[in-house]
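Here is how the chains run, residue by residue.
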Amino acid sequence: MAISSVGFACRSYFPVRNRTLQHHCLLKIRFNTIAAAANETVDEPDGFAKVGDRQDKVADGTRDCEWKQVNSKDLGITSSMIDKPTRQVLNGLKKKGHDVYLVGGCVRDLILKRTPRDFDILTSAELREVVRTFSRCEIVGRRFPICHVHVGDDIVEVSSFSTSAQNSSRNMRTELKETSGSDGDEDCIRLNNCLQRDFTINGLMFDPYAKLVYDYLGGIEDIRKAKVRTVIHAGTSFQQDCARILRAIRVAARLGFRISKETAHFIKHLSFLVQRLDKGRILMEMNYMLAYGSAEASLRLLWKFGILEIILPIQAAYLAQSGFKRRDKRTNMLLSLFSNLDKLLAPDKPCHSSLWIAILAFHKALSDQPRSPLVVAAFSLAVHNGGDIHEAAKITKKITRPHDGTFFELVQESEEENTNFETLLDEVMDLDASVKDALNQMTDGYYISKAMAAYPQAPFSDMVFIPLQLYLRAGRIFECVREERQMGFEAKQGSKIEYAALYSGDVPEIRHVFARVVFDTVFPLNQSQEL
């Protein structure tokens, strides 16, 4: 994928002033590699500088690489692109005399003219100094402590150079002090932090006051190439932190980037490492994939690299049984549901995780027992209006838009369903019961392990990463259909999506979006009259 929207040439950049120091920094950084690295070749793009070589130079620590300081204006970055809470924290730390940078994915997104999901700040201040600077601030995390600065209802994350130095394999500042006679060159300190990042495109630093973007790893080149590439050798990187496997999928799906050959090779062959992750971490990563507007692309990549059968084996079994190939470009009802969800969401307009869990359960019920479009429409309308099944059935009878006839989950309605009101109501409530059963199955380790039987070549998995509380919240979405209005369920007023309510898990808002996604999938606006 070419990034035509990135309108910068990077003609003017400032080379690092001390080439001897640059070479020394790289020589001092060593990484262990796994045996497979010896025979693995890195994908080399044509017509550009050797970005793959640049990664190898950093990875094996024996060769030089080009460092860049790019004027942020040349990249199209302005201070107005930084949200107000982040600017307040940056200004607060700068006034105290501390160096401050924006780091990670937010710099990448600013270059791509995308709205960052959040802004991460890196500072020369100690975490204790950050706490003293702001009235509402606390240190969180044990292994990788950071500061949470509260600005109104927002939280801005601030990390410290001193913490990242402690987390690196060696504290470079001591070594540099001995060699350069200084207290550690700023470039080497920044480089040390960048080398701890997951991917080159996330290894950029932006000083909003000097208006400089520091690129030590070739991240800007990889953004231009639309490529996800690990900072160090992919095999080593994923063994150090197997969550990077899921993050690679997430970043590639969200940006529409391709994954470099080496990185893709080790995602596929080390996918089993995902099972080592804490279930809460898996839930977090899956929520980032499915709740922020890139769910369809994420599911396709999880399937392509053989990770879906480990994390969501029920959905993987559906794809396998329907003859969906690993690199298949076709669509199906599962992917169409999430494609329609993606149209309503964005990185700054996410949904609560209970919504995508409800969609998975709904599709599972429908794939197990296909239903007529009228039944599905009446069910989704009943969810939307708070459980008034009779009203939903009446509205359904007036639908004239053709349904999508390519989904095997939708069958032609019977004459009785078309004419008999009570039969339609019975079918709706039966679908409701099936959805609740599917939700139970998705949170049952024994049932999930049975689904894994379809994949004897895959590592055994009975993983249930959906906690009880989230299972109950997803179940609340469908309670109204069975109980109707007698328990006081209220329908959402108006058609506009209230994203703050959707993100917080407001049930009427989630029901509204769920119904909209289902209805748009079954009765697409662009569907031809000829099926």
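Analysis parameters
- Residues numbered from 1 in each chain as written.
- Predicted model: local features only at pLDDT ≥ 70, side-chain atom pairs only at ≥ 80, totals over all residues.
- Heavy atoms only, no water.
- Helix = DSSP H or I, 4+ residues; strand = E, 2+ residues; numbered from the N terminus.
- Expected span 1.5 Å × (residues − 1).
- Buried < 20%, exposed > 50% of the residue type's maximum accessible area, 1.4 Å probe, protein only.
- Pairing = 2+ DSSP bridges.
- 1 Å grid on protein atoms, 1.4 Å probe; cavity = no way out; pocket = protein on both sides within 12 Å on 5 of 7 lines; lining within 4 Å.
- Points joined across faces, edges and corners; volume = space filled by probe spheres on them.
- Nonpolar A, V, L, I, M, F, W, Y, C, P; charged D, E, K, R; others polar.
- Axes fitted to C-alpha atoms, helices over the stretch in contact; angles between N-to-C directions.
- Parallel < 35°, antiparallel > 145°, perpendicular 65-115°, else oblique.
- Contact = heavy atoms within 4.5 Å.
- Polar contact = N/O pair within 3.5 Å; in protein donor to acceptor, adjacent residues only side chain to side chain.
- pLDDT = per-residue confidence, 0-100.
- Left-handed = near helix turned anticlockwise from the far one by under 90°.

Engineer: It is not clear to me how helix 22 (residues 421–442) should be interpreted in this structure. Could you clarify?
Structural biologist: In this model helix 22 runs 32 Å from its N-terminal to its C-terminal C-alpha over 22 residues, within 8% of the 32 Å that 1.5 Å per residue would give. Taken together, the buried positions of helix 22 are occupied by Thr423, Leu424, Leu425, Val428, Leu431, Asp432, Ser434, Val435, Ala438, Leu439 and Met442.

Engineer: Looking at this structure, how should I read the pairing of strand 2 (residues 100–103)?
Structural biologist: Within a regular strand, side chains alternate between the sheet's two faces. Residues Val100 and Leu102 of strand 2 are buried on one face, and the alternating residues Tyr101 and Val103, pointing to the opposite face, are buried as well. Strand direction decides the pairing type here: strand 2 and strand 3 (residues 120–123), joined by 4 bridges, are antiparallel. Each residue of the ladder has a partner; that of Leu102, found in strand 3, is Ile121. By the bridge criterion, 2 bridges tie strand 2 to strand 7 (residues 204–207) in an arrangement that is antiparallel. Counted as the bridge partner of Leu102 is Phe206 from strand 7.

Engineer: Would you take a moment to explain empty space enclosed by the protein for this structure?
Structural biologist: For the structure on display, the rule yields 3 cavities of 30 Å³ or more. Space inside the largest cavity adds up to approximately 80 Å³. Ile311, Leu312, Pro313, Ile314, Gln315, Met442, Ile448, Met463, Val464, Phe465 and Ile466 are the residues that line the largest cavity. Of all the elements, helix 16 (residues 313–321) adds the most residues to the lining of the largest cavity, at 3 residues. A per-class count over the lining of the largest cavity returns 10 nonpolar, 1 polar and no charged. There is about 40 Å³ of room inside the second largest cavity.

Engineer: Teacher, can you tell me more about the packing of helix 13 (residues 279–290) against helix 14 (residues 295–304) here?
Structural biologist: The relative placement of two packed helices is expressed as an angle between their axes plus a distance between the axes. At a minimum axis separation of 7 Å, helix 13 and helix 14 run at an interaxial angle of 125 degrees. The orientation of helix 13 relative to helix 14 falls into the category oblique. For the pair formed by helix 13 and helix 14, the contact residues are Met286, Met289 and Leu290 on the first element and Ala295, Ser298, Leu299 and Leu302 on the second. Along the lines of polarity and charge, the residues of the contact of helix 13 with helix 14 split into 6 nonpolar, 1 polar and no charged.

Engineer: Looking at this model, I keep getting lost on the side chain of Arg190. Mind explaining?
Structural biologist: Structurally, Arg190 can be placed in helix 8 (residues 186–194). The class for Arg190 is buried, based on a relative accessible area of 3%. Of note is the side chain of Arg190, whose polar atom sits 3.0 Å from the side chain of Asp187. When neighbours within four sequence positions are excluded, Arg190 is seen to be in contact with Tyr101, Phe161, Met205, Tyr214 and Tyr216.

Engineer: Is there a simple way to think about the confidence of the model for the chain in this case?
Structural biologist: Atom-level detail of predicted coordinates should not be read off regions where pLDDT is low. With 78% of its residues at a pLDDT of 70 or more, the chain has an overall mean of 83. Confidence drops under a pLDDT of 50 for residues 169–184, and excluding neighbours within four residues, the segment shows 25 contacts in the predicted structure.

Engineer: How should the sheet that holds strand 4 (residues 137–140) be read in this particular structure?
Structural biologist: Within a sheet, adjacent strands bond to each other through the backbone by hydrogen bonds, running parallel or antiparallel. In spatial order, the strands read 1-8-7-2-3-6-5-4; together these 8 strands make up an open sheet with mixed pairing. Sheet topology places strand 1 (68–71) and strand 4 at the edges, where each strand pairs with a single neighbour. Each strand of the sheet is rotated relative to its neighbour by a mean of 30 degrees, with strand direction disregarded. Of the strand pairs in this sheet, strand 7 and strand 8 (residues 212–215) are connected by 4 bridges, and their pairing is antiparallel. Bridge pairing in strand 8 places Leu204 opposite Asp215. In the packing of helix 8 onto the sheet, contacts are made with strand 1, strand 2, strand 3, strand 7 and strand 8, and the angle to strand 7 comes to roughly 135 degrees.

Engineer: Explain the packing of helix 20 (residues 389–396) against helix 22 here, please?
Structural biologist: Viewed as axis vectors pointing N to C, helix 20 and helix 22 meet at an angle of 115 degrees, and their least axial separation amounts to 10 Å. Of the two elements, helix 20 crosses helix 22, and the hand of that crossing is right-handed. Residue-level contacts link Ile389, His390, Ala393 and Lys394 of helix 20 to Phe421, Leu424, Leu425, Val428 and Met429 of helix 22. Looking at the contact of helix 20 with helix 22 residue by residue, the class counts come to 7 nonpolar, 1 polar and 1 charged.

Engineer: Would you mind going over unusual backbone geometry with me for this structure?
Structural biologist: For residues other than glycine, phi is negative in most cases, and the peptide bonds are mostly trans. In the Ramachandran plot, Lys113 falls in the positive-phi region, its phi being about 60 degrees despite a non-glycine side chain. Mapped onto the elements, Lys113 comes out in the loop between helix 4 (105–111) and strand 3. The backbone of Lys211 shows a phi angle near 55 degrees, a positive value even though the residue is not glycine. Using a relative accessible area of 34% as the deciding quantity, one classes Lys211 as partly exposed.

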